[in-house]
Amino acid sequence: VSGTDGVGTKLKLAFLMDKHDTVGIDCVAMCVNDIACCGAQPLFFLDYVAVGKNHPEKIAQMVSGIAEGCRQAGCALIGGETAEMPGMYPEGEYDLAGFAVGVVEKSQIIDGSKVKPGDVVLGLASSGPHSNGFSLIRKIVEVSGASWDMPFDGATLADRLMEPTRIYCKQVANVMKKVPIHAMAHITGGGLVENVPRVLPEGTQVVIHRDSWKRPAIFDWLQKEGNVAEDEMLRVFNNGIGLVVIVPAEAADAAVSAFESEGEKVYRLGEVVNRANAADPGCVVI
């Protein structure tokens, strides 16, 4: 199983804050969490860094973050490429991407085919916006007139937004040994409403209850300051849910306990139902 991704426009905030030690974690997380959704454990990771001008101290910070992400995921950082491309990127800016390869027994692949009406939908808490929605975030901060270093929720606004993407690989691997998991969805760009339907068989739909989890303060602030419609919030941001896990109803309590014992904050978001009409959305938040 393999996955590839980048950090996206969250990097713009790293440039602005001159803080480069956590985006490497984001880069690893975006790749390995996708792998985990198939039931696979990541084996190794390679990175690609493209810069306008090579500043070794910045590269060192980035690579330290990548190494930390690999440690959290339980995989090896076996190499990478740093490309210096004057004229392609302004000095002080860069792009960061990577890919990971993992392994799962064929008999244990999680592909959503076992999902059925009555299954319970669980959500694991995110650490913030993770690595999605930052073009909109930067626009909201700009129009609100807020300062990146203003106090927010026990830190600064920038700190809360830069919080690295949570990596769920080891937790998922441990829980898989204890309870059956029918499907998982990494909640990235597209939010719950676009990512969850990708793991559902035909004829099924997920109903998520809006009051089933407490949305972190950063998302409330973004919605208020940006005057963002609720539908748009659900489509752009994870809103506090980083990974969705679908389990049989009879295993739901055990799954919640197992994830909690791994240090995760778990919410019962809703359930799988029959989809009455093929034109109906695959995920409904009510």
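Our structure is the block above this text.
The rules we used
- Residues numbered from 1 in each chain as written.
- Predicted model: local features only at pLDDT ≥ 70, side-chain atom pairs only at ≥ 80, totals over all residues.
- Heavy atoms only, no water.
- Phe/Tyr/Trp six-rings, centres within 6.5 Å; stacked < 30°, edge-to-face > 60°.
- Helix = DSSP H or I, 4+ residues; strand = E, 2+ residues; numbered from the N terminus.
- Buried < 20%, exposed > 50% of the residue type's maximum accessible area, 1.4 Å probe, protein only.
- Pairing = 2+ DSSP bridges.
- Axes fitted to C-alpha atoms, helices over the stretch in contact; angles between N-to-C directions.
- Parallel < 35°, antiparallel > 145°, perpendicular 65-115°, else oblique.
- Left-handed = near helix turned anticlockwise from the far one by under 90°.
- Contact = heavy atoms within 4.5 Å.
- Nonpolar A, V, L, I, M, F, W, Y, C, P; charged D, E, K, R; others polar.
- Core = buried A, V, L, I, M, F, W, Y, C linked by side-chain atoms within 4.5 Å.
- Polar contact = N/O pair within 3.5 Å; in protein donor to acceptor, adjacent residues only side chain to side chain.
- 1 Å grid on protein atoms, 1.4 Å probe; cavity = no way out; pocket = protein on both sides within 12 Å on 5 of 7 lines; lining within 4 Å.
- Points joined across faces, edges and corners; volume = space filled by probe spheres on them.

Caption draft 1: Representation of the packing of aromatic side chains within the structure. The final tally for this structure, using the stated rule, is 3 aromatic pairs. Taking the centre distance of 4.9 Å and the plane angle of 75° together, the rings of Phe15 and Tyr94 count as edge-to-face. Taken together, the positions of Phe15 in helix α1 (residues 10-17) and Tyr94 in strand β4 (residues 94-103) put the pair 79 residues apart, joining distant regions of the chain. Between the aromatic rings of Phe152 and Trp221, the centroid separation amounts to 6.1 Å while the plane-to-plane angle is 75°, which identifies the pairing as edge-to-face. Remark: Trp221 occurs in helix α8 (residues 217-226) and Phe152 occurs in strand β6 (residues 151-152); sequence separation between them is 69 residues. Of the two residues examined, Phe152 and Trp221, each falls in the buried class.

Caption draft 2: Looking closely at the sheet that holds strand β11 (residues 266-274). Spatially, 6 strands are ordered β8-β10-β5-β11-β9-β12 in an open sheet, and the strand pairing comes out mixed. Each having just a single partner strand, β8 (183-186) and β12 (283-285) make up the two edges of the open sheet. Averaged over all adjacent pairs, the angle separating strand axes in this sheet is 25°, with direction ignored. Here 4 bridges tie β8 to strand β10 (residues 241-247), and the two strands are oriented antiparallel to one another. If you follow Ala185 over to β10, its bridge partner there is Val244.

Caption draft 3: Main features of the packing of helix α4 (residues 134-144) against α8. Direction vectors running N to C along α4 and α8 enclose 60°, while the axes themselves pass 9 Å from each other. Considering their axes alone, α4 and α8 lie oblique with respect to each other. The crossing of α4 and α8 is left-handed. Here Ile137, Ile140, Val141, Val143 and Ser144 of α4 come into contact with α8, specifically with Trp221, Leu222, Glu225 and Gly226. Of the residues belonging to the contact of α4 with α8, the class tally is 6 nonpolar, 2 polar and 1 charged.

Caption draft 4: How the structure looks around unusual backbone geometry. Positive phi, close to 50°, is recorded for Asp153, a residue that is not glycine. Examined against the element boundaries, Asp153 turns out to sit in the loop between β6 and β7 (155-156). The phi torsion at Asn227 lies on the positive side, around 50°, for a residue other than glycine. Among the structural elements, Asn227 can be located in the loop between α8 and α9 (230-236).

Caption draft 5: Region of the structure containing helix α6 (residues 169-176). Burial in α6 covers these residues: Cys169, Gln171, Val172, Ala173 and Val175. For α6, the secondary structure elements touched by its buried residues are α2 (23-36), β2 (41-51), α3 (56-73), β8, β10 and α10 (252-261).

Caption draft 6: Expanded view of the nonpolar core. With 48 residues, the main nonpolar core has Val23, Val32, Phe45, Tyr94, Leu96, Leu161 and Ile167 as its most contacted residues. Sort the elements by how many residues they give to this core and α2 lands first, with 9 residues. Those residues in contact with Tyr94, other than ones at most four positions away along the chain, are Leu11, Ala14, Phe15, His20, Val23, Ala50, Val51, Met62 and Tyr89.

Caption draft 7: Broad picture of the side chain of Asp26. You can see Asp26 is positioned in helix α2. Residue classification places Asp26 among the buried residues on the basis of a relative accessible area of 0%. Separated by 2.6 Å, the side chains of Asp26 and Thr165 make a polar contact. Setting aside chain neighbours within four positions, we find Asp26 in contact with Val7, Lys10, His130, Ser131, Glu163, Pro164 and Thr165.

Caption draft 8: Geometry of the layout of surface pockets. Taken as a whole, the largest pocket encloses approximately 370 Å³ of empty space. Along the wall of the largest pocket there are 21 residues; nearest its centre are Gln108, Ile109, Ile110, Met176 and Ile181. For the lining of the largest pocket, the residue count by class is 10 nonpolar, 7 polar and 4 charged. Computed from the structure, the second largest pocket encloses a volume of approximately 190 Å³. The wall of the second largest pocket is formed by 13 residues, among which Cys37, Met184, Ala185, His186 and Val199 lie closest to the centre. Sort the elements by how many residues they give to the lining of the second largest pocket and β8 lands first, with 4 residues. Looking at side-chain class alone, the lining of the second largest pocket contains 7 nonpolar, 3 polar and 3 charged residues.

Worth remembering: the numbers are spatial, not functional.
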